[in-house]
Amino acid sequence: RAKEAGRNQVQFFEENMHARVAERALIESELRHALARDQLSLVYQPKVDLHSGAVTGMEALIRWQHPGLGAVSPARFIGVAEETGLIVAIGRWVLRTACAQNKAWQQAGLPPLRVAVNLSARQFRDRVLLSEVRAALEDSGLDARYLELELTESLMMHNVEEVVTVIESLKQLGVALSIDDFGTGYSSLAYLKQFPVDYLKIDQSFTREMLTEPKVAAIVRSVIALGHILGFKVIAEGVETGEELHYLRLHQCDEMQGYYYSRPLTAEAFAAFISRPAPAAPASAGAARPAA
Ligand code: C2E
Ligand code: MG
Ligand code: MG
Ligand code: MG
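Under an unreviewed UniProt entry, the protein has the name EAL domain-containing protein and belongs to Duganella radicis.

Caption draft 1: Geometry of the pattern of salt bridges. One pass over the structure, following the stated rule, counts 14 salt bridges. A salt bridge links glutamate 28 to arginine 24; its shortest N-O distance comes to 3.0 Å. Within this pair, glutamate 28 and its partner arginine 24 are both found in helix α1 (residues 2-34), separated by four residues, close to a single helical turn. Overall, the relative accessible area of 30% leaves arginine 24 in the partly exposed class. In this structure, glutamate 83 and arginine 24 form a salt bridge, with 2.6 Å as the shortest nitrogen-oxygen distance. Within this pair, whereas glutamate 83 is found in helix α2 (residues 74-84), its partner arginine 24 is found in helix α1, the two being separated by 59 residues in sequence. Classification of glutamate 83 by relative accessible area gives exposed; the value is 54%.

Caption draft 2: Broad picture of the coordination of the magnesium ion (ligand 2). For the magnesium ion (ligand 2), the full set of protein donor atoms is Glu59 (OE), Asn118 (OD1), Glu150 (OE) and Asp180 (OD), at a range of 2.0 to 2.2 Å. Sequence spacing of the donor residues for the magnesium ion (ligand 2), all on one chain, is E-x58-N-x31-E-x29-D. A separation of 3.9 Å is found between the magnesium ion (ligand 2) and the magnesium ion (ligand 3), which are bridged by aspartate 180. Here glutamate 150 is found in strand β5 (residues 147-152), whereas its partner aspartate 180 is found in strand β6 (residues 176-182), with 30 residues between them in sequence.

Caption draft 3: Looking closely at the packing of α2 against helix α3 (residues 86-107). At a minimum axis separation of 5 Å, α2 and α3 run at an interaxial angle of 115°. Contact residues: α2 offers Ile78, Ala81, Glu82 and Thr84, while α3 offers Leu86, Ile87 and Ile90. Its residues assigned to classes, the contact of α2 with α3 shows five nonpolar, one polar and one charged.

Caption draft 4: Spatial organisation of α3. Under the 1.5 Å per step criterion, the end-to-end length of α3 is 32 Å for 22 residues, consistent within 8% with the ideal 32 Å. Those residues of α3 not exposed but buried are Leu86, Ile87, Val88, Ile90, Gly91, Val94, Leu95, Ala98, Cys99, Asn102 and Trp105. Following α3 by one or two positions, glycine 109 adopts a phi angle in the positive range, close to 95°.

Caption draft 5: Broad picture of the site of ligand 1. By nearness alone, 20 residues border ligand 1, and Arg63, Asp180, Gln204, Glu240 and Tyr259 come closest of all. In this structure, an oxygen atom belonging to ligand 1 sits 2.9 Å away from a side-chain N or O atom of asparagine 118. Between tyrosine 259 and ligand 1, the recorded distance is 2.8 Å, taken from a backbone N or O atom to an oxygen atom. Notes on ligand 1: free accessible area 810 Å², of which the protein chains cover 82%. Of the residues forming the shell around ligand 1, the biggest block, four residues, is contributed by strand β2 (residues 55-66). Tallied by class, residues from the shell around ligand 1 come to eight nonpolar, six polar and six charged.

Caption draft 6: Spatial organisation of the packing of aromatic side chains. Under the defined criterion, the tally for this structure stands at five aromatic pairs. Aromatic side chains tryptophan 105 and phenylalanine 270 sit 4.9 Å apart centroid to centroid with 40° between the ring planes, which places their arrangement in the tilted category. With tryptophan 105 in helix α3 and phenylalanine 270 in helix α11 (residues 267-275), the pair connects residues that are 165 residues apart, well separated along the chain. Taking the relative accessible area as the measure of exposure, tryptophan 105 reaches 6% and is therefore buried. An angle of 85° between the planes, with centres 5.5 Å apart, marks the rings of tyrosine 261 and phenylalanine 273 as edge-to-face. In this pair, tyrosine 261 is assigned in the loop between β9 (255-256) and α11 and phenylalanine 273 in helix α11, connecting sequence segments 12 residues apart. A residue is classified by how much of its surface remains accessible, and tyrosine 261, at 21% relative accessible area, is partly exposed. What links up through ring pairs into an aromatic cluster is the set Tyr44, Trp105 and Phe270. One residue, arginine 276, lies across the ring of phenylalanine 273, its end atom 4.0 Å from the ring centre.

Caption draft 7: Geometry of the packing of α3 against helix α5 (residues 129-140). Orientation of α3 relative to α5, taken along the N-to-C sense of each, is 30°, at an axis distance of 9 Å. Considering the angle they form, α3 stands roughly parallel to α5. By crossing handedness, the relation of α3 to α5 is classed as right-handed. In this structure, α3 contributes Arg92, Leu95, Arg96, Cys99, Ala100 and Lys103 to the contact, and α5 contributes Glu132, Val133, Ala135, Ala136, Leu137, Asp139 and Ser140. Residues belonging to the contact of α3 with α5 are distributed by class as follows: seven nonpolar, one polar and five charged.

Reading guide: rules and limits
Residues numbered from 1 in each chain as written. Chains lettered and ligands numbered in written order. Predicted model: local features only at pLDDT ≥ 70, side-chain atom pairs only at ≥ 80, totals over all residues. Heavy atoms only, no water. Salt bridge = Lys/Arg side-chain N within 4 Å of Asp/Glu carboxyl O. Helix = DSSP H or I, 4+ residues; strand = E, 2+ residues; numbered from the N terminus. Buried < 20%, exposed > 50% of the residue type's maximum accessible area, 1.4 Å probe, protein only. Donors = N, O, S within 2.8 Å, 3.2 Å for Na, K, Ca; no water. Axes fitted to C-alpha atoms, helices over the stretch in contact; angles between N-to-C directions. Contact = heavy atoms within 4.5 Å. Nonpolar A, V, L, I, M, F, W, Y, C, P; charged D, E, K, R; others polar. Expected span 1.5 Å × (residues − 1). Near = heavy atom within 4 Å. Polar contact = N/O pair within 3.5 Å; in protein donor to acceptor, adjacent residues only side chain to side chain. Areas by Shrake-Rupley, 256 points an atom, 1.4 Å probe, with all protein chains shown as cover. Phe/Tyr/Trp six-rings, centres within 6.5 Å; stacked < 30°, edge-to-face > 60°. Lys NZ or Arg CZ within 6 Å of the ring centre and 35° of its normal. Parallel < 35°, antiparallel > 145°, perpendicular 65-115°, else oblique. Left-handed = near helix turned anticlockwise from the far one by under 90°.

See below:
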């Protein structure tokens, strides 16, 4: 019995392994053609000021629609893209598409907003990053202050001096920078003060648990306070409820992003969303002035 169960378990494990290897190979071979076959697109999720209720910008998030596989989530292919190096071409496309879209919105008369693009570790370590960012701005005509780059904490740990140099040269271009998924990596507090970034993004795993886990709530409050002491703005990801929004606002978090306000939207839906009449100001945002 026990032996049989053990054998079944081993067999299950092996089948699982095979399935994963096969899945990875499939994703890799299909991803190689995704760009050329026009299967990639970007969606945009608004970022909102917690105190004024104003939209401050949006994060560009990649989507892959494959004819056979359907919608493939970034969780399934970004890792493969990084391992294979495909992320370099894909990342370049994301950067250029987001800049061009943002410029198009501005030319269409929408209020100018900042678009945030996720950078993978591989792109960040690439020597051509700086010239690619510059080229994406020049070719689109987007002013650098309307571009933000989101970097992950783990990316920053490798060679601190080099990382600081790259961040400083990006800052000199005039783009904004944020540390994504903050709290999930290993950044040392000593290093944090050396990074001239603009935002800390509290990872959504903290947002999700902060109202049920007192220790997580304490972490969230500490990150907000620490961020402010170091001169960063703090934004929370993954806000799904009004209670979460309220808690974050109470504890002076600056901005939020999450399904509660809006899911990521196609470019057309985003433009419509931004152009709609402004909703009533949030309850505790101070005296809501009636429109003049
Ligand atoms: P991220 O940069 O931390 O992006 C936030 C993720 O949380 C997005 O997932 C977004 O759709 C999701 N999200 C937003 N609000 C909520 C919410 O209220 N609740 C929940 N449960 N989720 C929410 P998505 O689009 O699946 O992307 C996952 C990750 O893939 C991103 O995490 C980012 O690390 C990576 N990624 C996405 N697009 C790109 C890209 O263009 N380049 C690179 N290098 N990575 C990307
Ligand atoms: Mg991000
Ligand atoms: Mg994040
Ligand atoms: Mg995340």
